[in-house]
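So the chains spell out like this:
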Amino acid sequence: MAEVTADNGKGKVKVFDSEEEVAVGLAKYTADISNKITNEKSSFTVVLSGGSLIHSLRKLVEAPYIDSIEWGKWHVFWVDERVVPKDHVDSNYKLAYDGFLSKVPIPPGQVYAINDALSAEGAADDYETCLKHLVTNGVLHVSAKTGFPKFDLMLLGMGPDGHVASLFPGHPLVKENKKWVTFIKDSPKPPPERITFTFPVINSSAYIAMVVVGAGKAPVIEATLGKSPNSEVLPVGMVSPEDEMTWFFDKQAASKI
Ligand SMILES: O=C1O[C@H](COP(=O)(O)O)[C@@H](O)[C@H](O)[C@H]1O
C-alpha cells in the first residue's frame, strides 16, 4: 500500500493511492486509538459524521480490526443529524446503523441517537442535555482548557463546499460559541432541518480524523491546506482538535496540494 504521511502544520496528512486504501488506513488508525484509550479508561467516546465517512469505515468491521477492538467500551455519538425519523433514508443514524453499528457488539444503550420525535430546536436541546448527563455520570469528560465536552475521537467527513458537521460556509452557526449542540432550519444541503455540534465542541475533542476522497473535493483541500490558502477560511479549515488532527486523503482529493 502506498501511503505518504506528512505534517504540514495543520496536522498529519495521510495520502493513499485509492479510496480502498484510505478505508484500510482509517480502520488501522481507529483500532489503534481505540486500543490506546480502552487500555486507559472504561469508556471510549466516538463521534461519527454522516455522508461518505460511513462507507470509508467498512474495513473496521472486518478482520483483523473487528476482533482487536473492545466494543463494549465504545459510546457512539453523531456530530450532526438530520431531523427526520431514524428509519428515514436521510438519517445519519440509519446510515451508520446499516453500514457499521449493526455489525459490531456495541451495547445499544451506548449509542446516542437524537430524539426523532422532537423539533429541530427540541432535539438539539435534548442532545445537549444527554451530553451533560454523561458528563455527570463520568462517561464523558470536559476539556480543562475550554470547559466543553472532550470526546476521545471524532471521525468526520467534509462536503464539497467545505462544510463539516452541519456547519456551512458563511452561515452564522459557524460562530456559535456558547451552545454544545445547536440546530439549523435552512441547511443549504437538504434536508433543511438538522442538529449539529458547535465548533467549540468539535475543537475540544482529543483526536479528529478528517476523511476526504474524490477529485470533487480537491479544490477545497487546496484552498484549505495548499500553498496559498484562501483568505476566506471554510468550516473545514476551522477544525483544530486539542491533541491530534489527521487528514485521510486518496490521491484525487490530495491532487492539488
Ligand atoms: O450532510 C452531510 O454532509 C457531510 C459531508 O458528506 P459527504 O457525503 O460529502 O462526505 C457529512 O460529513 C455530514 O455528517 C452530513 O450530515
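Counting restarts for each chain: residues are numbered from 1 in the order of the written sequence. With the structure being a predicted model, the display of local features is reserved for residues of pLDDT at least 70 and the display and counting of side-chain atom pairs for 80 or more, all residues being used for whole-chain, interface and lining totals. Note that water and hydrogens are dropped before the side-chain values are worked out from all heavy atoms of the structure.

With an unreviewed UniProt entry as reference, the chain is termed Probable 6-phosphogluconolactonase, source organism Vitis vinifera. UniProt positions are given in the numbering used here, feature names are shortened, and annotations may be inferred rather than shown by experiment. In UniProt, the chain has this text filed under Catalytic activity (unreviewed entry): "6-phospho-D-glucono-1,5-lactone + H2O = 6-phospho-D-gluconate + H(+)".

Topic: the packing of aromatic side chains
Stacked, tilted and edge-to-face are the three classes assigned to paired rings of Phe, Tyr and Trp, where Trp is represented by its six-membered ring and a pair needs centres within 6.5 Å; plane angles under 30 degrees give stacked, over 60 edge-to-face, the rest tilted. This model, assessed by the stated rule, comprises 13 aromatic pairs. Considering the side-chain rings of W74 and F100, the 6.1 Å spacing of their centres and the 65° angle between planes classify their relative orientation as edge-to-face. Of the two residues, W74 sits in strand β4 (residues 74-78) while F100 sits in the loop between α4 (92-99) and α5 (120-137), which places them 26 residues apart along the sequence. Judged by its relative accessible area of 0%, W74 is buried. In this structure F100 comes out as buried when scored by relative accessible area, which is 0%. With centroids separated by 5.3 Å and ring planes inclined at 25°, the aromatic side chains of F151 and F197 adopt a geometry described as stacked. Under the scheme used here, helices are H or I runs from DSSP no shorter than 4 residues and strands are E runs no shorter than 2 residues, and both carry numbers assigned from the N terminus. Each residue is placed in one exposure class: buried if its accessible area under a 1.4 Å probe, protein chains only, is under 20% of its type's maximum, exposed if it is over 50%, and partly exposed if it falls in between.

Quick look at the sheet that holds strand β9 (residues 181-184)
For two strands to be treated as a pair, DSSP must find at least two bridges joining them. In spatial order, the strands read β5-β10-β9; together these 3 strands make up an open sheet with antiparallel pairing. The sheet is open, and its two borders are formed by β5 (80-82) and β9, each paired with just one other strand. Ignoring which end each strand starts from, the neighbouring axes of this sheet average 20° apart. Where β9 meets strand β10 (residues 194-197), 4 bridges bridge the pair, whose relative direction is antiparallel. Considered in β10, the bridge of T182 is made with T196. In this description, contact between two residues means that some pair of their heavy atoms is separated by no more than 4.5 Å. Only the stretch in contact is used when a helix axis is fitted, and all axes are lines through C-alpha atoms; the angle between N-to-C directions ranges over 0 to 180 degrees. Lying over the sheet, α5 contacts β9 and β10, oriented at roughly 165° with respect to β9.

Re the site of the ligand
Near, as used in this document, describes a residue that has one of its heavy atoms within 4 Å of the molecule or strand being considered. Around the ligand, 15 residues are found, and the nearest of them are G50, S52, D80, K189 and K217. A 3.5 Å cut-off defines polar contacts: any pair of N or O atoms within that distance qualifies, except that in protein one atom must be a possible hydrogen donor and the other a possible acceptor, and neighbouring residues in sequence count only when both atoms are side-chain atoms. S52 has a polar side-chain atom sitting 2.5 Å from an oxygen atom of the ligand. One of the side-chain nitrogen or oxygen atoms of K217 is found 2.8 Å away from an oxygen atom of the ligand. Lys, Arg, Asp and Glu make up the charged group, whereas Ala, Val, Leu, Ile, Met, Phe, Trp, Tyr, Cys and Pro make up the nonpolar group; the residues left over, Gly among them, are polar. Here the residues of the shell around the ligand sort into 2 nonpolar, 8 polar and 5 charged.

Here's the deal with the UniProt feature "domain: Glucosamine/galactosamine-6-phosphate isomerase" (unreviewed entry) in the chain
Summarizing the sequence annotation, UniProt attributes the feature "domain: Glucosamine/galactosamine-6-phosphate isomerase" (unreviewed entry) to residues 18-247 in the numbering used throughout. A helix fraction of 30% and a strand fraction of 17% characterise residues 18-247, whose end C-alpha atoms lie 14 Å from each other.

Quick word on the pattern of salt bridges
The salt bridge definition used is simple: a Lys or Arg side-chain nitrogen within 4 Å of an Asp or Glu carboxyl oxygen. Taken as a whole and assessed by the stated rule, the structure comprises 16 salt bridges. With its nearest N and O atoms 4.0 Å apart, the salt bridge here joins E62 to K59. Using a relative accessible area of 37% as the deciding quantity, one classes E62 as partly exposed. The exposure class of K59 is buried, given its relative accessible area of 14%. For E242, the salt bridge is made with K150, and the minimal N-O distance between the two is 3.0 Å. With E242 in the loop between α7 (218-225) and β12 (244-250) and K150 in strand β7 (residues 149-150), this pair connects stretches of sequence that are 92 residues apart. Look at the salt bridges and you will find they share partners, linking E19, E20, R58, K59 and E62 into a network.

Quick look at the nonpolar core
Among the nonpolar cores identified, the biggest contains 84 residues, and F197 and I202 are the most heavily contacted of them. The greatest single-element share of this core, amounting to 7 residues, is contributed by helix α1 (residues 19-40). If we skip the residues at most four places from it in the chain, F197 touches V47, F77, W78, V79, Y127, L131, F151, M154, L167, W180, V181 and I202. Residues belong to one nonpolar core when they are buried, are Ala, Val, Leu, Ile, Met, Phe, Trp, Tyr or Cys, and are joined through side-chain atoms within 4.5 Å.

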